[in-house]
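# Notes for the structure review
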Amino acid sequence: MAETKAVLVQVKTNDFEPKIVAFFCNWCTYLAADLAGTSRVKYAPNILDIRVMCSGRVDPQFVLDAFAKGADGVLIGGCHPGDCHYQEGNYKALRRVHMLRRVLHEMGIEDDRFRLEWISASEAERLKFVVNDMVEKVRALGPLRKKSEARGPKSEVEEPDAKVAA
């Protein structure tokens, strides 16, 4: 009898799956994600959600660090305007987002990679739509390549010869 061996072949595809870091307000968007889980609302698993007490507490450096450390997109979720548990935290977040958009544009990061959404605790379906929509948009953009990577490796600057300078 001839023995048959099963051979597993791993087919490498070029399907890109984006990594999205999501900063969710403790009182609204994070609870919407919890509701989505308990209600078995399915959405793309491409997000790493980080609970913050308020969308206004998302420091711009958090967003820049997320991109620098490999995130293909960043999503900030907060309470609807006028419903913030800290009165004006979401307005503070909105002002920071406008500033960050200009900085990210200067860095060569596309607008669709960064998003701010108002999602209340009862809006699990809205969370599903927002996450799926963002994943599809970032997937269409492909992996994030920062300007320094797009230019290629740094060229070394040659030091002038000490004898010639003398």
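Residues numbered from 1 in each chain as written. Predicted model: local features only at pLDDT ≥ 70, side-chain atom pairs only at ≥ 80, totals over all residues. Heavy atoms only, no water.

Looking now at the overall build of the protein. Across its full length, the protein holds 6 helices and 4 strands. In the protein, the order of α-helices and β-strands from amino to carboxyl end is β-α-β-α-β-α-β-α-α-α. In the protein, buried positions account for 37% of the 166 residues. Look at the contacts in the protein between residues 6 or more apart in sequence, and 79% of them connect residues 24 or more apart. (Helix = DSSP H or I, 4+ residues; strand = E, 2+ residues; numbered from the N terminus. Buried < 20%, exposed > 50% of the residue type's maximum accessible area, 1.4 Å probe, protein only. Contact = heavy atoms within 4.5 Å.)

Turning our eyes to something else, we now look at unusual backbone geometry. In this structure, Arg-40 is a non-glycine residue whose phi angle is positive, near 60°. Examined against the element boundaries, Arg-40 turns out to sit in the loop between helix H1 (29-38) and strand E2 (47-52). Its identity as a non-glycine residue notwithstanding, Gln-87 has a phi of 65°, on the positive side. Positionally, Gln-87 belongs in the loop between strand E3 (73-78) and helix H3 (89-106).

Packing of helix H2 (residues 60-68) against H3 brings their axes to within 10 Å, and their N-to-C directions diverge by 35°. Of the two elements, H2 crosses H3, and the hand of that crossing is right-handed. Within the contact between the two elements, H2 uses Pro-60, Val-63, Leu-64 and Phe-67 and H3 uses Arg-96, Met-99, Leu-100, Val-103 and Leu-104. Residue composition of the contact of H2 with H3, grouped by class: 8 nonpolar, no polar and 1 charged. (Axes fitted to C-alpha atoms, helices over the stretch in contact; angles between N-to-C directions. Left-handed = near helix turned anticlockwise from the far one by under 90°. Nonpolar A, V, L, I, M, F, W, Y, C, P; charged D, E, K, R; others polar.)

What follows is about the sheet that holds E3. What the 4 strands build is an open sheet, ordered E2-E1-E3-E4; its pairing is parallel. Each edge of the open sheet is held by one strand with a lone partner, namely E2 and strand E4 (114-118). Taking each pair of neighbouring strands and ignoring which way they run, the sheet shows an average axis angle of 20°. The sheet contacts of H1 involve strand E1 (20-25), E2 and E3, and relative to E1 the element is tilted by about 110°. Against the sheet, H3 touches E3 and E4, its axis set at about 165° to E4. (Pairing = 2+ DSSP bridges.)

We now examine the pairing of E4. For E4, the tally of buried residues reaches 5 of 5 residues, placing the bulk of the element in the interior. On E4, burial covers both faces: Phe-114, Leu-116 and Trp-118 on one face and Arg-115 and Glu-117 on the other are all buried. For E3 and E4, the ladder comprises 5 bridges, and the chain directions are parallel. Of the residues in E4, the one forming a bridge with Gly-77 is Glu-117. The parallel pair E3 and E4, bridged by H3, forms a crossover whose chirality is right-handed. (Right-handed = clockwise from strand over helix to strand, strands pointing away.)

Before going further, it helps to examine the side chain of Ser-55. Checked against the element boundaries, Ser-55 lands in the loop between E2 and H2. With near-sequence residues (within four places) excluded, Ser-55 lies in contact with Cys-25, Ile-76, Gly-77, Gly-78, Gly-89, Asn-90, Ala-93 and Trp-118.

Tracing the sequence through the fold places Glu-123 in the loop between E4 and helix H4 (124-141). You can call Glu-123 partly exposed: its relative accessible area is 22%. Put simply, Glu-123 and Leu-35 are 88 residues apart on the chain and 8.2 Å apart in space, counted from C-alpha to C-alpha. Among all residues touching Glu-123, those that are not within four sequence positions of it are Ala-32, His-80 and Trp-118.

All right, on to the confidence of the model for the protein then. Considering every residue of the protein, the mean pLDDT works out to 86; 79% of them sit at 70 or more. Throughout residues 5-13 the model reports pLDDT below 50, and contacts reaching past four residues in sequence, or to other chains, amount to 0 contacts. Ignoring residues within four places in sequence, the model shows residues 151-166, a span with pLDDT below 50, making 0 contacts including any to other chains. (pLDDT = per-residue confidence, 0-100.)

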